[in-house]
Amino acid sequence: MGSRETEIYNLLNLVEDFLLDGFRHDHSPLAVNAAVDTAGDRDSPQPERSAGPAGPAGPAGREVSPQQALQTIAEEVAACTRCPLHRGRRHAVPGEGAAAPLVMVIGEGPGAEEDRCGRPFVGRAGQYLDRWLAAIGLDRTSGCFIGNIVKCRPPGNRDPLPEESAACLPYLERQIDILRPRAILTLGRIATQILCNRSEGIGKLRGSELEYRGIPLVPTYHPSAVLRNTDLRSAVWQDLKRLQALPVLAGRLGGPGQGGPEQGGDPSP
Ligand code: SF4
């Protein structure tokens, strides 16, 4: 604070005291930085992400960008033989999306279409998921990152075995550390149980307030399950609205009802 500003501030206080009752009063010291800080917060009701921990060190100690760190994981996954699922894969599916997502979407593992092309959620269930995301103002290239618990397809689309999930989980944990999403949307029982260390079915887990390492986590049904049983659609819509209403996402996703059943835009099959 400059002395000139202090003099003017004190002078104004004297004038104010004179006009008020003619006696001097105590005044708080001038704090010139407060306005700047407050203005900076006005459009950001939620705490902005700090620069966060330094990125992973690259060659010669250089920090690497989130994109580079994600690419490194993708290359490791493509060559991974940590569990037997590598034997049947055509392509590993590391995940894809924004490098600083609002929401990270996590399923259990790739299916046949995903194994064929190496991208997550590209089959019929994936197209359905795209509609869910669009209903809350997200798409897979901006605002969210889509990944899975296991990166290689379990044969016959069976559930990943516990040892397969355990072997693959470190990749997902590293991805979450790099991406630092504001919220996580889990699709189905397996992803929710593993990330939240719970054992209940998805019907019991959805609707609960859950988190993963301090990140709010909203569980919902897997799109494949909803395609098989359309009675689950309204539950999914409720879950998407819960995600949308999380304080960490307030005002950052599309408004409620921009595609939901109430507006006739039901993200239905
Ligand atoms: S599922 Fe995961 S741990 Fe298993 S081989 Fe694929 S990348 Fe490696």
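See the structure above.
Predicted model, so just to flag it, every value in this text is computed and none were measured. (Residues numbered from 1 in each chain as written. Predicted model: local features only at pLDDT ≥ 70, side-chain atom pairs only at ≥ 80, totals over all residues. Heavy atoms only, no water.)

Chemist: Describe the site of the ligand, and please don't skip the residues or the numbers.
Modeler: The environment of the ligand is made up of Cys-80, Arg-82, Cys-83, Leu-85, His-86, Arg-89, Lys-151, Cys-152, Ala-167, Cys-168 and Tyr-171. For the shell around the ligand, the per-class residue count stands at seven nonpolar, one polar and three charged. (Near = heavy atom within 4 Å. Nonpolar A, V, L, I, M, F, W, Y, C, P; charged D, E, K, R; others polar.)

Chemist: Report on the packing of helix H3 (residues 66-78) against helix H6 (residues 162-179), specifying residues and quantitative values.
Modeler: When two helices pack together, their arrangement is captured by the angle between the axes and the distance separating the axes. Where H3 contacts H6, the axes come no closer than 10 Å and their chain directions differ by 170°. By the angle class used here, H3 and H6 are roughly antiparallel. Residues Pro-66, Ala-69, Leu-70, Ile-73, Glu-76 and Val-77 of H3 pack against Tyr-171, Arg-174, Gln-175, Ile-178 and Leu-179 of H6. When its residues are assigned to classes, the contact of H3 with H6 shows eight nonpolar, one polar and two charged. (Axes fitted to C-alpha atoms, helices over the stretch in contact; angles between N-to-C directions. Helix = DSSP H or I, 4+ residues; strand = E, 2+ residues; numbered from the N terminus. Parallel < 35°, antiparallel > 145°, perpendicular 65-115°, else oblique. Contact = heavy atoms within 4.5 Å.)

Chemist: Describe the pairing of strand S2 (residues 103-107), naming the residues involved and giving the relevant values.
Modeler: For S2, the tally of buried residues reaches five of five residues, placing the bulk of the element in the interior. Residues Val-103, Val-105 and Gly-107 line one face of S2 and the alternating positions Met-104 and Ile-106 line the opposite face, and both faces are buried. Bridging between S2 and strand S3 (residues 144-148) involves five bridges; their strand directions are parallel. The partner of Gly-107 across the bridge, within S3, is Asn-148. (Buried < 20%, exposed > 50% of the residue type's maximum accessible area, 1.4 Å probe, protein only. Pairing = 2+ DSSP bridges.)

Chemist: Pulling in residues and values, what's your account of the sheet that holds strand S6 (residues 215-220)?
Modeler: Taken in spatial order, the six strands of this open sheet run S1-S3-S2-S4-S6-S5, and their pairing is mixed. The sheet is open, and its two edges are formed by strand S1 (96-97) and strand S5 (210-212), each paired on a single side. Lying on the sheet, helix H5 (residues 124-135) is in contact with S2, S3, strand S4 (183-187) and S6; it crosses S3 at an angle near 145°.

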